[in-house]
Amino acid sequence: MVTTMSFAQDRTVSGKVTSSEDGSTLPGVNVVVKGTTNGGVTDIDGNYKITVPEDGGTLLFSFIGLESQEVEIGTRSIIDLQMSSDIQQLSEVVVVGYRSVKKSNLTSAISTVDGAELQSVPIGGIDNLLQGKSPGVQVVAQNGEPGSQAYIRVRGVGSVNASNEPLFIVDGVQLNATQYNAINPNDIKEMSVLKDAASTSIYGARASNGVILVTTKRGSETSKPQITYKFQYGMKQMIPNNFEMMNKEQKLDYEVEIGIRTADEADAIRNSLANPETDWFDVLLQNGIVQSHDLSFGGSSETARYFFSLGTYDEEGISVGSNFKRVTARANAEFDLTEFLTFGNNLTVTNSKSNLTRDRNNVQNPFRAIYDYNPYEPEFQLDDQGDFILDADGEKQYNLTRNGFSIGEALLNNPEEERYTNLIGNVFLTAKPIKGLNLKTTYGYNYRIREAEYYNQPGSVLDGYVGDTNAPGSKSDDFDSRFQFNWTNTAAYNFVPVAGHTIDVLIGTEYYKTDIRTVDVNSKGFPSKKFTTQDNASEVTLGSTTRDEWSLWSMFGMVSYNLNEKYFATASLRRDGSSRFGANNKFGMFWSASGGWNMHEESFLSDISQISQLKIRASIGTSGNEPNQLYASRGFYGFGSYNNQTSSDPTQLENKDLKWEENFNYSIGIDFGVLDNRVSGSVDYYNKNTRDLLFDAPLSSTTGWDSRLENIGEIVNSGIELELAWDVLRGKDYNIRLLGSAATNDNEVLNLDNDEQDIINDDSGLTVLREGQKVNTFYLVQYAGVNPANGEELFYDKDGNVTNVWNGDDAIAMEGKSPIPTYFGNFGLDASWKGIKLGLNFYYQGGNYTMNWAFNQGQLQDGASGSRNNQRVDAFDYWKKPGDTGVLPAPSLTNNVVDTDRYLQRADFIRLRNVNLSYTLPKAIIEKAWLQDVVFFVQGTNLWTFNKYFDGDPEVGRGSDESDLTEMGEVTLYTYPNTRGFTAGVNITF
Amino acid sequence: MKKLIYIFLLAGFMGVVSCEDKLELEPFDALDAAQAFETNTDFNNALKGAYAFLRDGNYYGGEFYLLPDAISDNLIISSEGRFSYQDYYLFNLNGNIAWFQFWRAAYDVILRTNHIIENIDNLADGDFKDDILGQAYALRAMAHFDLARVYSKPPQFAGGSDLGIAYITGTDAANLPARSTVGETFTAILADFDAAVPLIGDDNGTGYLNLAALQALRARYFLYTGNNASAITASDAAIAASVNGGVSTISDFPDIWDDLTENGVIFKVINTNLDDVGVGVVYNQSSPDGIRSEYVPDFAFYSQFQATDVRSTWFETSDFAGSSFNHVIKYLQRPGSNQATVDMKVIRWSEVYLTRAEARAETSNDAGALADLDAVRSQRYTGFVSGGESGAALKAAIQLERRLELAFEGHRMFDLKRQGLPINRSNNGDYSDGTGIKPDPSVLTLPASSPKFQMPIPQDEMNANPNMQPNPSNG
C-alpha cells in the first residue's frame, strides 16, 4: 500500500526498510519527505516507493517503537535503511482506554507509573504504593493495618455519597477496592492514571473519579528466558506520637485533682504491689515483621510470549492477632495462532489470609486500649504481694481493668480471621485480518471468595458478657462470593488516507455482570475452644443467604487524527446503561474532545536548540459516577420477621429519575523539556464540575424515613498540577535527578437544590454541605476558651456572644476548613554512582483539617467520665485559679464533652515516604556466576514526619470503621495506626 | 479460516447487543413497593412489620425501659459501669443528647401503620380487614402517645400555645410537618384509639394488640391526661375484654420475666432468639467477673422492696470490681437465650388495676380503689394483709405500689410528670448498702417546672425540617 502525491517536478525514490537487530523486513514504517505532507508507508515486505522533489531533500522514517531516522536523499533513487528499536520510545507507549498511544501523541492528562517504582516496597496493596507517585493523585492510607486499603483521590473530591475512588482496571478487568491487595506489585509493568475528560470519558458512567489502568508484565522480548528472584525482610512499628500519656504517678495525681478518687485511695494504689506501673504500649504492641519472596519467569519464542510468577507476602502486624499473608501466582501467555491471529490469557490467582483487630471505638480495639487503660492497671491480676493470682489451672488471670475488658485476653480468645481467594484475569483473541485493522474480543473474569470467621471462644471474657451461659462460645462464619465477568469487543482501524495524516478509529461494546452471594451462619454452645467449626455447636442461632446483581451494557467509539506528529485531535463517545439507574434515566451518554500541538516540531521553534520538547494539550468532556447502591432507584418493601413469622416493611423510597453523577470536565496542559530534556515537566490546569450529585437528601424523621437518594447539587474542583524533573548531573558513572510534583485543589459546593438548607453529615454530624463552601466543611460550635473567673468552658452562640451553654444550634460552618487538602504532592531525589543508588521520596499535603476526637477530645476529657481512662499529660494544664487563661477548662465529673472547634486541627504534613539505598554488583563479578543482575538494598518507609499543628499522626485515613466514620481525614478515632518500616533485601536476575 | 473468524467476531458483536434488556434486575429480597398490599398475607406481613419496629433498641428494645427510670429517681448511675446515657442521667440535655433515636424509632412504627391504613381498601370488608385496621390505628396511637409523653407536656399542664408533637397520618416522605399544639396532639391520639375500638379483634395473642390491650392503653392515656372518669371506664372495658385473666399470681410472677408465662401480661413485643435484641443491656451485662451494671436502684427506693415482696427477685446483690451492688436483673436473661434477650412487656394487668385504683381514689371511690390496689398487692406479698387504707394514705399507697410494680419498665418519669411532681433523688451512693459514689449534688433534684421534663427535639430533625420548632430544653 503506497500512497503518492505528485509535484510539478518530481522523481521516485524506493527502497527496503529492515530491522537492524535481525534483518527482518519492517512493514508499516512511515516515510515522509521532511517539511511536506508527502509520504507513504512500507508494504508487507518492507518496500516503499515515494515521489520526491527533483532537488532531493530529507526523508523521515518513523515507526512506533523504532528510533526515527532522517536521511538526505541527495541524488539517490534507491535508499535502503536499517532501523533499530528505540528503548526510550518503547517505554513511552502509554496504555489508555482500550488502546495504546505514543506518549508524545497524547492529547490528554495521563500520568504513568513504571512498575519498577512499585516493587520491593514493604506494603501489601498497590493502592498504597501509588502515594507520591503520580501528580494530582492523592493517596492516603485508610489505616496502617497490614494489607489495608488506601483512599485514592484523582483531582479532588467530586462526590459526597457515591464513590470517590477511581475506576481500577487490571488488564481490562474492573477490580473492587478490596482486591487492590490481591495484585502482586512485582507483576506490574505499568500503571496509567487517566485524569481528564479526554482519557476517562470512554469509560463512561464509572469514570468520573479518574481511571487507573494496570498492565501486568508480558514475556520479555528477548527470547532468552529471564528468571528473577526477589526477597526482602524487615520490621514495622507504630509511628511515634508527638504527645505524652500520663504515667502511674501522674494519672493518680490527676484523678485526685479532679475528684474521682480520694487522696487516700490514690496512695493505696500508689503503694500497692498489686498495681505496678504498666506501659500499655509495651504490653499490647509489638514489632511487626514483613517478609516477601517473589520468583518470576519471562520469555518468548517466535510465536509465543509468556510471564509466570509466584510471590508471597507476609506481614505480622504491630498488635498481637493482626497479620496479612498472601500468596499470588500469575500466568500471562500469548500465542500467535497464525500471522494474523493471536490468542492469550492473563490470569492471577491470589490467596490471602489476615487476622483482624476490631476497628471499634472502645477497648475491644487494642489501639484504643493502649490509650485508655490506666498505667496503674496491670495486665494480669496480682495479689497484695505483687504475685500473679492463678486460676484453678494454674494460669495467670487477665485483669479486666476498669473498662471491664481485657483486650489482651480477647486478642487470644476472640480471634477474627478473613480469607480471600481471588481469580482475576481474561482470555482474549485478537485478529488482524487486514492491515491496520485490529479486532479483539476479551472475556474477563473476576471471582472473589471471602471467608470470615469470628470465634468467641467458650470461657472467654467476651463470651461471659454477650454469650449464653447454657451454651458457651459462639462462632460466626461468613462466606461470600462475588463473580463478575465482562465481555469486551473492540475493533480498531489505523489508516493513513494521505501521507502524514494518520487516523485511528475504535468502536466497541462491553457488558459487565456481577453476581454477589453471601452465606452467614452463627452457632453457639461449643464443647471447648479447641473445636472451632460449627458442626460442633449445640445450636445454630443464625443462618442466612443473600444475593445481589449488577449489570452494565455499553457501546463506545473513538476517533483520533494525527497530522505529521505535530497536530492531534481525538473525540470519543460512550453510551452506558446500568441496572442501577432509574427507569426514567436508564442510559447515559458521555463524550469528549481533545487536541494537542507538538510546538517543538514547528519550524519557528525547531531552531531553538534549548527546547527539546514543547506541547500544548486541551480537553473537554463528560463522564459519570454510578450510585454505590445496586437497586437504589426502586421503591421496596423488604422482609423480616416478627414472632418467627414473616413481616414486611418499607425499606426504600422510589426514585425513578435516579441516575449517575455527571462530571463535566475541562483541562489544559503543557509538556516541556529543555536543555536536552535535562529539565522536563508538565503543567496542567483542571476544572471538574460534578452535577446531579447522588445525595441522601435528608428527610424529616417524622415521615419514617431519614433520607432518599436523589440527584441534587453540584460541586466544582479545580486546580493546577505541576510535575518537574531536573537532571542535575548526567554522567557515565553517576547521575543525580531531582523530581517533584505539586497539585492544588480548590473545591466548592455550587448548588444543592435544597432550598439553601444545610446538609449535615449523617454519620459524624461534624460537617456540612453548604452552597459556596468546600465539601464537608466542618460545622461546629466555636470554643471561646475558658472563663478566667471560674474555669468554665465557654462557647460562642449563633450571634457571636459568649455563653457557657453549649447548643448544637450554635454550630457554624468553619469557612475553608474541611478534610480535603488544598495542596499535596511529592519531591525526591534519585542519585547513582557506579552501582550505588539512592532514592528518596517525600509526600506532603496540607490545607486540610481533621476533628481530632481520639487524641484531643478522647484523651483530654476535662474530668468528664472518660477521664477515668488514661489521659494525656497536657490534661494537667487546666484552669486552677481566677485569672488563668489559655488553659483547659476546670475539670469536673459533670463536664460534658461536646464537639467544638477546640478539637479541630490543621493536618498539614511532610513525610519521608520512602528511602531506598541499593548496590548493584559489578557485571564482571556476577557473570562468572551466570547471573545477569544482583541488587542488594535497604529501605525505610515513613521514617520521618514534619507536622506542625496536629496531635498524633497527621496522615488520617478513616476514623473508625465500626462507627461508620470512614470519610477520608474527617475524624481521628482509634483505627489501626500507620507504621514505619525498615527492610533489607536482594533482587537477582538469572 | 478468515471467514470463520469474521463470523465469530460479528456474532460476538451482535450477540451482546441483546444485553440491553439485561439491565432490568430485580432484587432477591424485596417486593416492589407498589405490589406490597395486594393480598391478606401482604397486610398481615405489613402489620407484623409495624410490631417488629417496636423492637428497636431506642424504643421497647431497650432505652424506653431505662431512660424514664434513669432520668428520674428510680435509678442512679453505677460507678463501675460504662457510664452509658450519663448525659441523660445528669440532665445534660440538648438537641444532640435528646433521647434522639427514639424520635426516629417511634415515627418508623407510625409510617408502617400509615401504609396499612392508606391501602386498607384493597382488602374485602369483613373481620379480617377490621382487625388489621384496628391494630394499625391502635399502634399508631400508641407510638404517638409515647412520643408525646417524651417530648411534650401533659395537656392538663399545658398552655394553649404549648407544642405537642407532629401527628402523622400519611406516607408522604417529603412532608415537613410542624408540631401540633399539646391539645391537638392528645385529641388526635385519642381519636385513633377510639377509632380502633369497634374494629380491633378480641383475641390476637399477647404479641399483638387486641381489644383488652387497646382499652388498657386507653386507660393509661386517660390517667396520664388527668381524665379519671374515662380511665375508670376504659379499665372496666379492658377487664371485661380480658382473655387471659387478670393480675398474675404471686407464683406465676417470677416466670413473667423469663417469658415462661403470659399470665398478667396484656401486650408484649415478642423478641425471639433470632431477633436477639438485648433489651436489658441498657441495665447491665453479666461477665465472668460478675454482673456489671450501668445503673443500679436508688438505695432509698430499693429499700422499699420488702423481703416478703415477690418483686425483690428483680434484684441480685453481688460484687463487681470489688464493690457490692444491687443489680436489676429483671431483663438479665431468659433460659435458652442470649443475655438480655427477653420479650418486651408493654402493658400488664397490674397496671390496669393500679390505674383504676388511682382514678377511683381521685374520684373518692376509696372502697373500689382499695379493692383494685389489693388485687395487685395480694399477689405480690407473701402473707399479705390489706392495709385497709383510705383518703390520703390510700392515695400514697397506690402511688407507692405503682412505683414498685412498674419499676424499670419506663414509667417513673411520666408518672411524676403527669402529676406535676419534681424529681428527688435520695443522695445515697451506688453500692448495695447505700454507700459509694453519690449523685452529683447538682442533679439531686429537678423541679417540676423544669423544661427538662420535655426532651429536646433531636438536632437531626431540626436540621432536616425547617418547620420543626424546638423545645425550651433544646437550649
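Residues numbered from 1 in each chain as written. Chains lettered and ligands numbered in written order. Predicted model: local features only at pLDDT ≥ 70, side-chain atom pairs only at ≥ 80, totals over all residues.

(A) Local environment of the overall build of chain A. Scanning chain A from terminus to terminus reveals 12 helices and 52 strands. Of all intrachain contacts in chain A linking residues separated by at least 6 positions in sequence, the fraction that spans at least 24 positions is 68%. (Helix = DSSP H or I, 4+ residues; strand = E, 2+ residues; numbered from the N terminus. Contact = placed C-beta atoms within 7 Å.)

(B) Structural context of the overall build of chain B. Helix and strand counts for chain B stand at 16 helices and 11 strands. Relative to the globule expectation of 23 Å for 475 residues, the C-alpha radius of gyration of chain B, 25 Å, shows essentially globular dimensions. Taken along its principal axes, the extent of the C-alpha atoms in chain B is 105 × 55 × 45 Å. Residue burial in chain B is summarised as follows: out of 475 residues, 54% are buried. If you take every contact in chain B between residues at least 6 apart in sequence, the share linking residues at least 24 apart comes to 69%. (Rg over C-alpha atoms; globule rule 2.2 N^0.38 Å. Buried ≥ 20, exposed ≤ 12 C-beta atoms within 10 Å, placed from the backbone.)

(C) Spotlight on the interface of chain A and chain B. Across the boundary between the two partners, chain A contributes 73 residues, which contact 77 residues of chain B. Broken down by secondary-structure element, the contributors of at least two residues to the side of chain A that touches chain B are strand E23 (437-456), helix H9 (461-466), strand E24 (474-498), strand E25 (501-524), strand E26 (539-563), strand E27 (567-578), strand E30 (636-642) and strand E31 (645-652) of chain A. Looking at the side of chain A that touches chain B residue by residue, the classes come out as 26 nonpolar, 35 polar and 12 charged. Direction of pairing for E30(A) relative to strand E1 (residues 30-32) of chain B: antiparallel, over a ladder of three bridges. Looking across to E1(B), one finds that A:Tyr637 is bridged to B:Leu31. (Nonpolar A, V, L, I, M, F, W, Y, C, P; charged D, E, K, R; others polar. Pairing = 2+ DSSP bridges.)

(D) Up close: the pairing of strand E29 (residues 611-625) of chain A. Two elements, strand E28 (residues 587-598) of chain A and E29(A), share seven bridges in a ladder whose sense is antiparallel. Looking at E29(A), one finds that A:Asn598 is bridged to A:Lys615.

(E) Spotlight on the nonpolar core. Residues and elements named next belong to chain B. Counting residues in hydrophobic clusters, the biggest one holds 136 residues, and the most contacted among them are Ala70, Ala106, Ala138, Ala213, Leu214, Ala216 and Leu217. The leading source of residues in this core is helix H6 (residues 127-151), at 14 residues. When sequence neighbours within four positions are dropped, the list of residues in contact with Ala106 reads Tyr59, Ala143, Asp146 and Leu147. (Core = buried A, V, L, I, M, F, W, Y, C linked by C-beta atoms within 7 Å.)

(F) Representation of the packing of helix H12 (residues 349-362) of chain B against helix H14 (residues 391-405) of chain B within the structure. Residues and elements named next belong to chain B. Following both chains from N to C, one finds H12 and H14 inclined at 160 degrees, their axes separated by 10 Å at the closest point. As the angle between them shows, H12 and H14 are arranged roughly antiparallel. In this structure, the crossing between H12 and H14 has a hand that is left-handed. Side by side, H12 and H14 meet where Ser350, Leu354, Ala357, Glu358 and Ala361 of the first sit next to Leu394, Lys395, Ile398, Glu401, Arg402 and Glu405 of the second. Broken down by class, the residue content of the contact of H12 with H14 amounts to five nonpolar, one polar and five charged. (Axes fitted to C-alpha atoms, helices over the stretch in contact; angles between N-to-C directions. Parallel < 35°, antiparallel > 145°, perpendicular 65-115°, else oblique. Left-handed = near helix turned anticlockwise from the far one by under 90°.)

(G) Structural context of the domain arrangement of chain A. In terms of domains, chain A is made up of domain 1 (10-87) and domain 2 (90-223). For domain 1 of chain A and domain 2 of chain A, the distance between their C-alpha centroids amounts to 37 Å. (Domains from an automatic or database assignment.)

(H) Structural view of the pairing of strand E36 (residues 714-730) of chain A. Residue and element names in this part refer to chain A. Both strand E33 (residues 679-691) and E36 contribute to a ladder of 13 bridges, which runs antiparallel. Along E36, the bridge assignment pairs Val683 with Leu722. As judged from the five bridges shared by E36 and strand E38 (residues 746-751), these two strands associate in the antiparallel manner. Within E38, the position partnered with Val716 by the bridge is Glu748. Where E36 folds back onto strand E37 (residues 734-744) in an antiparallel hairpin, the turn is made up of three residues.

(I) Highlighting the sheet that holds strand E39 (residues 759-760) of chain A. Residue and element names in this part refer to chain A. With respect to topology, four strands assemble into an open sheet ordered E39-E40-E41-E45, the strand pairing being antiparallel. Strands with a single pairing partner mark the edges of an open sheet, and in this sheet they are E39 and strand E45 (812-813). As defined by bridge partners, strand E40 (residues 767-769) adjoins strand E41 (residues 777-780) across two bridges and the pair is classed as antiparallel. Following the sheet pairing, Val768 is matched in E41 by Thr777.

(J) Highlighting the packing of H12(B) against helix H13 (residues 366-377) of chain B. Residues and elements named next belong to chain B. Interhelical geometry of H12 versus H13 gives an angle of 160 degrees and a closest axis separation of 8 Å. In terms of orientation, H12 lies roughly antiparallel with respect to H13. Where H12 crosses over H13, the two elements pack in a sense that is left-handed. Of the residues in H13, those in contact with Ser350, Tyr353, Leu354, Arg356, Ala357, Arg360 and Ala361 of H12 are Asp366, Gly368, Ala369, Asp372, Leu373, Ala375 and Val376. Of the residues contributing to the contact of H12 with H13, the split by class is eight nonpolar, two polar and four charged.

(K) Here's a closer look at the sheet that holds strand E42 (residues 782-786) of chain A. Residue and element names in this part refer to chain A. The antiparallel open sheet is built from three strands, whose spatial order is E42-E43-E44. Taken across any chain shown, the strands that pair with only one partner, and hence form the sheet edges, are E42 and strand E44 (802-803). Pairing between strand E43 (residues 793-796) and E44: two bridges, direction antiparallel. Residue Tyr796 lies in a different strand from E44, and its bridge partner there is Val802.

(L) Molecular detail of the confidence of the model for chain B. The predicted model of chain B has a mean per-residue pLDDT of 92, with 95% of residues at 70 or higher. Confidence estimates for the predicted assembly give a pTM of 0.81 and an ipTM of 0.92. (pLDDT = per-residue confidence, 0-100.)

(M) Representation of the confidence of the model for chain A. Residues and elements named next belong to chain A. Per-chain confidence: chain A averages 89 in pLDDT, with 97% of residues scoring 70 or above. The least confident element of chain A is helix H1 (residues 87-91), whose mean pLDDT is 45; the most confident is strand E48 (residues 849-851), at 96. Per-residue pLDDT stays below 50 along residues 1-7; that stretch engages in 20 contacts with residues further than four places along the chain or on separate chains. pLDDT under 50 marks residues 87-91. Its contacts with residues more than four places away, or in other chains, come to four contacts.

(N) Highlighting helix H2 (residues 40-52) of chain B. For H2(B), spanning 13 residues, the distance from its first C-alpha to its last is 18 Å, which sits close to the expected 18 Å at 1.5 Å a residue. Of all the residues in H2(B), the buried ones are B:Phe43, B:Asn45, B:Ala46, B:Leu47, B:Lys48, B:Gly49, B:Ala50, B:Tyr51 and B:Ala52. (Expected span 1.5 Å × (residues − 1).)

(O) Representation of the environment of A:Leu213 within the structure. All names here are of chain A. Residue placement: Leu213 occurs in strand E16 (residues 211-216). Taking the C-alpha atoms as reference points, Leu213 and Glu190, separated by 23 residues in sequence, lie 8.2 Å from one another. Apart from the residues lying within four places of it in its own chain, the contact partners of Leu213 are Val95, Ile169, Met191, Ser192 and Leu194.

(P) Representation of the environment of A:Val938 in the model. Residues and elements named next belong to chain A. With respect to the secondary-structure elements, Val938 resides in strand E51 (residues 933-946). Exposure remark for Val938: the 15 C-beta atoms within 10 Å place this residue in the partly exposed category. With 48 residues separating them in the primary sequence, Val938 and Val986 have C-alpha atoms 8.8 Å apart. Filtering out sequence-adjacent residues up to four positions away, Val938 remains in contact with Leu917 and Ala984.

(Q) Region of the structure containing unusual backbone geometry. All names here are of chain A. Positive phi, normally seen in glycine, also occurs at Asp171, with a value near 50 degrees. On the basis of neighbour count, Asp171 is assigned to the buried category, with 21 C-beta atoms found within 10 Å. Its identity is not glycine, yet Lys834 carries a phi of approximately 50 degrees, on the positive side. Mapped onto the elements, Lys834 comes out in the loop between strand E46 (823-833) and strand E47 (836-846).

(R) Region of interest: helix H9 (residues 228-240) of chain B. Residues and elements named next belong to chain B. The end-to-end C-alpha distance of H9, which contains 13 residues, comes to 18 Å, matching closely the 18 Å that a straight helix rising 1.5 Å per residue would cover. Along H9, the residues that are buried comprise Ala231, Ile232, Ala234, Ser235 and Ala238. Packing partners of the buried residues in H9 comprise helix H8 (211-224) and H12.

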